[in-house]
Protein chains: 2
Amino acid sequence: MTTDLRNLSDSFDSRPIGVFDSGIGGLTVLRELISQFPNENFLYLGDTARLPYGSKSAPTVRKYSEQNMNFLISRQVKALVVACNTASTQVPENIFCGLPVYNVIDPGARLAATQTKNKKILVLGTRATVKSEAYKNKILMFDPEIQIQSIACPLFVPLAEEGWVDDTITEQIAKKYFTEIALPDFDTVVLGCTHYPLLKTTLQKVFGANISLIDSGSAICEILKNDFKNLKIKPNTTGKQENLKICLTDFGPQFELLSKQLIGAVTARKIDFETVSVI
Amino acid sequence: MTTDLRNLSDSFDSRPIGVFDSGIGGLTVLRELISQFPNENFLYLGDTARLPYGSKSAPTVRKYSEQNMNFLISRQVKALVVACNTASTQVPENIFCGLPVYNVIDPGARLAATQTKNKKILVLGTRATVKSEAYKNKILMFDPEIQIQSIACPLFVPLAEEGWVDDTITEQIAKKYFTEIALPDFDTVVLGCTHYPLLKTTLQKVFGANISLIDSGSAICEILKNDFKNLKIKPNTTGKQENLKICLTDFGPQFELLSKQLIGAVTARKIDFETVSVI
């Protein structure tokens, strides 16, 4: 790996933060990152040629995640954000090839464990995330007395991709999944897939206004703020922001449209799209 | 490519017919093939590490299809069946590396064009299949007077994979898609995705009993019957059937379960599963 020294000094680092997901879900994390760290540069990778990850096996998701991280590293990022819960279950390390790695599960689990008052948490995720028990194990590490139930909601991802984010059908599907809830008085729900914040309005309607919905995107920003403070990552204090770069492993006009809508709401930054290979 | 000569003579060929799809959808075609050609051997490939194909770009789907066909050829098949409509839009050839290729679009289009009485056909498919206009172009080649409308139904695949095949929610989603129908008096519907026959009961309920639903699996068998007759493919007349072989690019217990249910209904043949790489 060669490093462009013009971007790096003792006190600042203008290299982008690398963020990846299988598809559009990670944009909910990117949106939060851009909004909370407006001085930083970002490079987003959507592995759209192989999405979704949620129905695939653990070794396959690990292999894809490593390929994605190696691609981001080849593009000179200063940190790696795994903006996909399924991928996060297979990336336990905090350092990869010398760079800090942030997965969405640790901060989501920590925030949920802190916020619950009655110590009853519901976790929603893909089949792969639920099967991994990553949230359950992590929440219990913070507080072993918490009761947790996890439910896989495989249709939420295609519903979000279809744009049916606030729709009576989505509401009915949610209600059908939630007939499996055996822990009726939970006060906190972990949105354990980065697509799910797109369905927030519907989910809040189904659960009621008193239930806290934990969004990985907001949770990860708290951890990053700390690491900027203790200089584990050096901030970009040059005052110069580059265009936002979005790399996709498969060309998709629909992705472009949706990312412009989602990201355009929080920044005026121009977006450059590029189709890439990560294999 | 080396050929095992024990399997091949002037009058018979016991090599398997190779069938591929991205996932479980192609099993609806395989089920028909096994049921109509009980003497033949079959090798099925499900590219589950990269499913689904319906949301991916044309060049990516072509690349994946070629890799799948090359894999099947390396396993000594005697013919190739593209049991996926999206892949079929990118495999126009009838011969690949010297082997006959059968895609699902030609026979489906031919059957629909023959069956319609009022010359009004509705085509349902993935976003990629509808965008390709492959059915429309093919149907018009058979009869340029036919009126055709195509509608993309992206949620049908995850609904089928989820097993919600006869469910009021699936019915409502179908009705929501069908509000776009601008050709109200069609008499024939092409199920232009191999997953859709799994939703047949629901779709027949929504459309009414007088509408003909065209299933690619049944349609392709008519073409194969002809090619067995004219010896374009030699039949397996050895009287010996091997176990059914199902290769998957990603290990999946759910796939195994579903394929046993679907295929087990038409044959007592044992199924051997294998995880493979096609890259």
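All values reported here derive from a predicted model rather than from experimental measurement. The residue numbering used here restarts from 1 in each chain and proceeds along that chain's sequence as written. Whichever chain is written first becomes A and whichever ligand is written first becomes 1, with later ones labelled in order. Per-residue local features are limited, in this predicted model, to residues with pLDDT of at least 70; the limit for side-chain atom pairs, both in listing and counting, is 80 or more; totals at the level of whole chains, interfaces and linings are taken over all residues. Based on all heavy atoms of the structure, the side-chain values leave hydrogens and waters out of the count.

Note on the copies: chain B fits chain A at an RMSD of 0.0 Å, the axial shift is 0.0 Å, and the rotation between them is 180 degrees. What the rotation and shift describe, once combined, is the action of a two-fold rotation axis. Using C-alpha coordinates, one finds that chain B approaches the rotation axis most closely at Arg50(B), a distance of 2.4 Å. Should any heavy atoms of two residues lie within 4.5 Å, those residues are counted as being in contact. Looking at chain B, 100% of its interface residues are interface residues in chain A too, so the copies touch through the same face. C-alpha atoms of residues with pLDDT of at least 70 in both copies form the basis for the least-squares superposition of the copies.

It is worth spelling out the interface of chain B and chain A at this point. Contact with chain B, which involves 26 residues of that partner, is made by 26 residues of chain A. Salt bridge criterion: a side-chain nitrogen from Lys or Arg within 4 Å of a carboxyl oxygen from Asp or Glu. The partner of Asp167(B) in a salt bridge is Lys176(A), and the shortest N-O contact between them spans 2.4 Å. In protein, a polar contact requires one atom able to donate a hydrogen and another able to accept it; more generally it is a pair of N or O atoms within 3.5 Å, and residues adjacent in sequence count only if both atoms are side-chain atoms. At the boundary of chain B and chain A, one finds 15 residue pairs in polar contact (both at pLDDT 80 or more). Helical segments are the DSSP runs of H or I of at least four residues, strand segments are the runs of E of at least two, and each set is numbered from the N terminus. Residue assignment for the side of chain B that touches chain A shows that the elements contributing at least two residues are helix 2 (58–74), helix 7 (156–162) and helix 8 (168–178) of chain B. Per element, the largest residue contribution to the side of chain B that touches chain A is five residues, and it comes from helix 8 of chain B. The nonpolar class holds Ala, Val, Leu, Ile, Met, Phe, Trp, Tyr, Cys and Pro. Asp, Glu, Lys and Arg form the charged class, and all remaining residues, Gly among them, are polar. Residue composition of the side of chain B that touches chain A, grouped by class: 13 nonpolar, six polar and seven charged.

Residues and elements named next belong to chain A. The domain architecture assigned to chain A consists of domain 1 (14–103 + 219–275) and domain 2 (106–216). Domain segmentation is taken from an automatic or database assignment of domains. Each of domain 1 and domain 2 was reduced to a C-alpha centroid, and the two centroids are 22 Å apart. Counting residues at the interface gives 20 residues for domain 1 and 23 residues for domain 2. For any pair of parts, buried area is found by adding up, for both, the accessible area (1.4 Å probe) each one loses once the two are put together. When the area that domain 1 buries against domain 2 is broken down by residue, the three leading residues are Ile24, Asn85 and Ala219, summing to 32%. Our count for the contact surface shared by domain 1 and domain 2 stands at zero salt bridges. Seen at the junction of domain 1 and domain 2, the total is 12 residue pairs in polar contact (both at pLDDT 80 or more). For the side of domain 1 that touches domain 2, the secondary-structure elements that each account for two or more residues are helix 1 (27–36), helix 3 (85–89), helix 10 (216–229) and helix 11 (253–264). Split by residue class, the side of domain 1 that touches domain 2 holds nine nonpolar, nine polar and two charged.

Attention now moves to the pattern of salt bridges. A full pass over the atoms with the stated rule returns 40 salt bridges over all chains. The residue Glu222(B) makes a salt bridge to Lys225(B) at a minimum N-O spacing of 3.7 Å. With Glu222(B) and Lys225(B) both in helix 10 (residues 216–229) and three residues apart, this pair spans about one turn of that helix. With its nearest N and O atoms 3.7 Å apart, the salt bridge here joins Lys232(B) to Asp227(B). Residues joined in a network through salt bridges with shared partners are Asp166(A), Glu171(A), Lys175(A) and Lys205(A).

Attention now moves to the sheet that holds strand 4 (residues 95–96) of chain A. All names here are of chain A. What the seven strands build is an open sheet, ordered 4-5-3-1-2-10-11; its pairing is mixed. Each edge of the sheet is formed by a strand with only one pairing partner; in this case those strands are strand 4 and strand 11 (271–275). Every axis in this analysis is a line fitted to C-alpha atoms, fitted for helices over the stretch in contact. Angles between the N-to-C directions lie between 0 and 180 degrees. Lying over the sheet, helix 2 (residues 58–74) contacts strand 1 (17–21), strand 2 (42–46), strand 3 (79–82), strand 4, strand 5 (99–103) and strand 10 (244–248), oriented at roughly 150 degrees with respect to strand 1. Should DSSP find at least two bridges between two strands, the strands are regarded as paired.

Let us now look at the side chain of Asn68(B). Residue and element names in this part refer to chain B. Among the secondary structure elements, Asn68 is positioned in helix 2. Three labels apply to residues, based on accessible area from a 1.4 Å probe with only protein chains included: buried if under 20% of the type maximum, exposed if over 50%, partly exposed otherwise in between. Asn68 gets classed as buried once you look at its relative accessible area, which sits at 0%. In this structure Asn68 touches Phe20, Leu45, Asp47, Arg50, Tyr53 and Val278, once residues within four positions along its chain are discounted.

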